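This is what each chain is made of:
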Amino acid sequence: MKISLPSNSKMHTKEFTFGVATASFQIEGAADTRLPCIWDTFCATAGKIRDGSDGKHACEHVALFKDDVQLIESLGVDAYRLSISWPRVIKQDGSLNQQGVDFYINLIDELNSRGIKVYATLYHWDLPQHIEDQGGWLNRQTAYLFADYADKITQALGDKVYSYATLNEPFCSSYLGYEVGVHAPGLASKAFGRQSAHHLLLAHGLALKVIQQNCPNALNGIVLNFTPCYPLTDTDADIKAAQTADDYFNQWYMKPIMDGEYPAIIHDFDDADKPDIQAGDMEIIKQPLDFLGINFYTRAVYSTCDKNEFVQVDMKDAPKTDIGWEIYPSAFTDLLTSLNSTYTLPPVYITENGAAMDDKIVNNQVDDLDRLEYYQAHLNAVNNAINQGVNVVGYFAWSLMDNFEWAEGYLKRFGIVYVDYQTQQRTIKRSGLAYRDFISQRQ
Ligand code: IFM
């Protein structure tokens, strides 16, 4: 079984960027050589991680990075999306930790020497714990600390990095971390969710300004995740539920960046749940982007809405991945075309797309045909969006390799490369081989 697209597809040319993606906490290990972060604390809290694991060792990428770069090269990709660990590169007093910076310089030099472009995200959820102890993303000051970190690290790495993204998925940091508490730091209140989201967006705006000054030649932007919302039926109530959910989960992060304002549902909130927005904040948040990163995995279906209440419906008989997310590729095309008609988009990268599957390694092979089918269907979906006029210029598979899947620990495997966590042996899965072959056949 192969991955293929119509030969006249724009994705079939070398102008289109193909890559693989990871994030610092999920793969690096070597936790003893950086400051503690909120995920270390969350993992150490009983009952938070499904298998009781943590990120202390993960994929031992800090020790094995040279082998991992060879692995990335062997896949024939154009680019590698990684994240920089804030607690690895900045000391508690705010100065650069040169040892941590050197790790990234060595990694990036190794990638660049093999012609692999580096797409670096500055925040993929690993907030230094000492900053959380001062209120974390509930404290406005954190946005300014982030901008300072962005300033220092982009000066240190400069144009070695092809593209900088400020944040990965601020929805997950704010909603999952501060509103429902299933991610670090595990706080749960609507007011916290909305306030942390605002400070994250402010951090993005402040940092992007600085990055553009320090690295005007890099492609600089942000990565947002979207779960398109569909009504269960075509009743007005269900349609309203889906629209409200979309505003709350998706547009909440997109609209401020593109239009400089929150969705109108903000006016329906109780005063106590409204974020504190200071004069000038929305202008700061609305920085011009060189690119928008879009992460897509699944859709969500909603039913009857009572004022702002919206209820997600479990589509019981639908095909799902091993993490329980519905496989619904046409939502990917719908998402891209609807964003394109709602906003004036910069060039779009699909910065994450992939599937957790219940992989088995047998005779050193992983026959993950289910994941391969997922990739085929989702690459088709992106191609359909391009054919409808959306300017998608790149695609990154999530993930290069199996890794620490947050609250699921190591139970869910998203890699196109299998990781044996006992031996740290990496084995390219069938999906990885198919991705490699597909990339190599571009004209
Ligand atoms: O593993 C995560 C990643 O860190 C962020 N986006 C979603 C992935 C799968 O849950």
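You'll find the structure just up there.
Read on for a plain summary of the structure. (Residues numbered from 1 in each chain as written. Predicted model: local features only at pLDDT ≥ 70, side-chain atom pairs only at ≥ 80, totals over all residues. Heavy atoms only, no water.)

## Quick look at the overall build of the protein
In terms of regular secondary structure, the protein is built from 14 helices and 13 strands. Taking 22 Å as the expected radius of gyration for a compact globule of 443 residues, we find that the protein reaches 21 Å, a close match to that expectation. Overall size of the protein, expressed as C-alpha extent along the three principal axes, is 60 × 55 × 45 Å. Out of the 443 residues in the protein, the part that is buried amounts to 60%. Look at the contacts in the protein between residues 6 or more apart in sequence, and 78% of them connect residues 24 or more apart. (Helix = DSSP H or I, 4+ residues; strand = E, 2+ residues; numbered from the N terminus. Rg over C-alpha atoms; globule rule 2.2 N^0.38 Å. Buried < 20%, exposed > 50% of the residue type's maximum accessible area, 1.4 Å probe, protein only. Contact = heavy atoms within 4.5 Å.)

## Considering unusual backbone geometry
With an omega of 10 degrees, the peptide bond running from Ala184 to Pro185 counts as cis. As for its placement among the helices and strands, Pro185 is situated in the loop between helix H8 (170-179) and helix H9 (190-214). With a phi angle near 50 degrees, Asn363 is a residue other than glycine that sits in the positive phi range. In this fold, Asn363 is placed in the loop between strand E10 (348-352) and helix H13 (369-387). You can call Asn363 exposed: its relative accessible area is 72%.

## Looking at the sheet that holds strand E5 (residues 219-226)
Pairing is parallel around the closed barrel formed by 8 strands, whose spatial order is E1-E2-E3-E4-E5-E7-E10-E11. The average angle at which neighbouring strand axes cross in this sheet is 25 degrees, direction not considered. Inspection of the sheet shows strand E1 (residues 17-21) paired to strand E11 (residues 392-398) by 5 bridges, in the parallel sense. The residue of E11 that forms the bridge with Gly19 is Phe396. Its contacts with the sheet put helix H5 (residues 98-113) on strand E2 (79-83) and strand E3 (117-123), and the angle it makes with E2 is roughly 170 degrees. Here H13 sits on the sheet and contacts E1, strand E7 (291-296), E10 and E11; the angle it forms with E11, its principal contact strand, is near 165 degrees. (Pairing = 2+ DSSP bridges. Axes fitted to C-alpha atoms, helices over the stretch in contact; angles between N-to-C directions.)

## Quick word on the pairing of E11
By the criterion of burial, E11 is predominantly enclosed, with 7 of the 7 residues buried. Two strands pair when backbone bridges link them, and E10 and E11 are joined in this way by 3 bridges, in the parallel orientation. Following the sheet pairing, Val348 is matched in E11 by Val392. Read from E10 through H13 to E11, the crossover connection turns out right-handed. (Right-handed = clockwise from strand over helix to strand, strands pointing away.)

## Quick notes on H8
Most of H8 is tucked away: 10 of the 10 residues are buried. The complete set of buried residues in H8 reads Pro170, Phe171, Cys172, Ser173, Ser174, Tyr175, Leu176, Gly177, Tyr178 and Glu179. In this structure, the buried side of H8 is in contact with E3, helix H6 (129-132), strand E4 (163-168), H9, E5 and helix H10 (236-259). Where H8 ends, the next residue or the one after it, Gly181, has phi of about 75 degrees, a positive value.

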